[in-house]
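Below, each chain spelled out in residue letters.
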Amino acid sequence: MGLSPFSLGEGSTPLVRATRLSAELGCELHLKCDGLNPTGSFKDRGMVLAVERAHAAGAHAVVCASTGNTAASAAAYAARAGLEAVVLTPAGATAGPKRAQARAVGARVIEVRGTFDDALRLCRELGQREGFVLVNSLNPDRVEGQKSIAAELIDQLGRVPDIVALPFGGGGNVSAVAAGFADLGAAPRLIVGEAAERPTTWASAIRIGEPAHAEHVATLVGSARVEVLSLSEHELADAWQAVARTEGVFCEPASAAGVAALKRVGSLDGLVAVAILTGHGLKDPDAVADGAQEVVEPTVEAVLAVLG
Ligand code: F0G
């Protein structure tokens, strides 16, 4: 695949050795920092292709339902392609910076009084209209583009990892990663973490009641290629904090679901694992408690007094 005319430089994200977390988990863990894609999430890998094909097909607008990251990504590539982007988000349930990203590049951001699932239903209908192309991961071009992470990982690691861990929201990414490795004749264990409290989870990016790719993911589970772990809110938050505090990598809450799944699985001794961190921490800064902020007079004594 040649470079798309609409590329913003997606992919080639850092693979970081997580030394301290490795010691805790008893494996060799690497973090694939896919939040360092152009719009701050893994969505860019597939969106560039989906928008390029929508443009080539003569579309007037791309449309998507989103918890925020798909919206930001679709909006950016649509701007480059000169297409309109219409994004529907569940009202009051998405992180502000993601909506700001979409608005900044000229997207129509419409909040729907309902859930992500409601918004997706509307978008599937809109996608049938003349001139509109749906760019959620139900669009096969999205999945096709997201497969690129498999070859990239093998290249960076110099081998096929024993385990790849990632979040499971709608399941588009699980499908893409499984297909990407299968295309290369590789079959790492795919360990995927979903929020047990899907429709209400604190990890707003994966607040999805009915995963669009549920059936396909169930097939992958049936053929023993994927293991799904349902994680508590505490497990999600704990893994997110561990990634930040022990490795210095600030990802958004949903992104650490793969690490949370690894923590639950245990018995990883001697294995080489990669956790895909899907979105950047700055996407959702409100997830970080503000309580530690301290304001002092401009003296060294005052600073030392606060440090205790
Ligand atoms: N991680 C992040 C940061 C996400 O934004 C998403 C999905 C996922 C993981 C789950 O990926 O749906 O392919 O299983 N975000 C979508 C959005 C729903 O609208 O941005 P999935």
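Rules behind the numbers
Residues numbered from 1 in each chain as written. Predicted model: local features only at pLDDT ≥ 70, side-chain atom pairs only at ≥ 80, totals over all residues. Heavy atoms only, no water. Axes fitted to C-alpha atoms, helices over the stretch in contact; angles between N-to-C directions. Helix = DSSP H or I, 4+ residues; strand = E, 2+ residues; numbered from the N terminus. Parallel < 35°, antiparallel > 145°, perpendicular 65-115°, else oblique. Left-handed = near helix turned anticlockwise from the far one by under 90°. Contact = heavy atoms within 4.5 Å. Nonpolar A, V, L, I, M, F, W, Y, C, P; charged D, E, K, R; others polar. Near = heavy atom within 4 Å. Polar contact = N/O pair within 3.5 Å; in protein donor to acceptor, adjacent residues only side chain to side chain. Areas by Shrake-Rupley, 256 points an atom, 1.4 Å probe, with all protein chains shown as cover. 1 Å grid on protein atoms, 1.4 Å probe; cavity = no way out; pocket = protein on both sides within 12 Å on 5 of 7 lines; lining within 4 Å. Sits in = over half its atoms within 2 Å of the grid points. Domains from an automatic or database assignment. Buried area = accessible area lost by both parts, 1.4 Å probe. Salt bridge = Lys/Arg side-chain N within 4 Å of Asp/Glu carboxyl O.

Q: When you look at the packing of helix 3 (residues 69-81) against helix 4 (residues 96-104) in this model, what are you seeing that I'm missing?
A: Angle between the axes and distance between the axes are the two parameters that describe a pair of packed helices. One can describe the packing of helix 3 onto helix 4 by two numbers: an axis separation of 8 Å at closest approach and a directional angle of 15°. Considered as vectors, helix 3 and helix 4 are oriented roughly parallel to each other. Between helix 3 and helix 4 the crossing geometry is left-handed. Mapping the contact onto sequence places Asn 69, Ala 71, Ala 72 and Ala 75 in helix 3 and Lys 98, Gln 101 and Ala 102 in helix 4. When its residues are assigned to classes, the contact of helix 3 with helix 4 shows four nonpolar, two polar and one charged.

Q: In this structure, what is going on with the site of the ligand? I would like to understand it.
A: Near the ligand there are 21 residues, and of these Ser 66, Asn 69, Gly 170, Gly 171 and Thr 278 occur at the shortest range. Between the ligand and Gly 171, the relevant distance is 2.8 Å, taken from an oxygen atom to a main-chain nitrogen or oxygen of the residue. Here Thr 278 contributes a side-chain N or O atom positioned 2.6 Å from a nitrogen atom of the ligand. Protein coverage of the free-state accessible area of the ligand, which is 480 Å², stands at 97%. Placement of the ligand is best described as lying within the largest cavity.

Q: When you look at the domain arrangement of the protein in this model, what are you seeing that I'm missing?
A: It is common to give the size of an interface as the accessible area lost on bringing the parts into contact. When its domains are assigned, the protein resolves into domain 1 (15-41 + 142-287) and domain 2 (43-139). Taking only C-alpha atoms into account, the centre of domain 1 sits 23 Å from that of domain 2. Taken together, the two surfaces of domain 1 and domain 2 that pack against each other cover about 2200 Å², and 47% of this comes from carbon and sulfur. The largest contributions to the domain 1 side of the interface with domain 2 come from Thr 39, Arg 142 and Lys 283, which together make up 36% of the buried area. Linking domain 1 to domain 2 there are three salt bridges. Arg 45 is the salt-bridge partner of Glu 152, the closest N and O atoms lying 3.0 Å from each other. If you list the elements that add at least two residues to the side of domain 1 that touches domain 2, you get helix 6 (140-146) and helix 7 (148-157). Per element, the largest residue contribution to the side of domain 1 that touches domain 2 is five residues, and it comes from helix 6. Partitioned by chemical class, the residues of the side of domain 1 that touches domain 2 number eight nonpolar, 11 polar and 10 charged.

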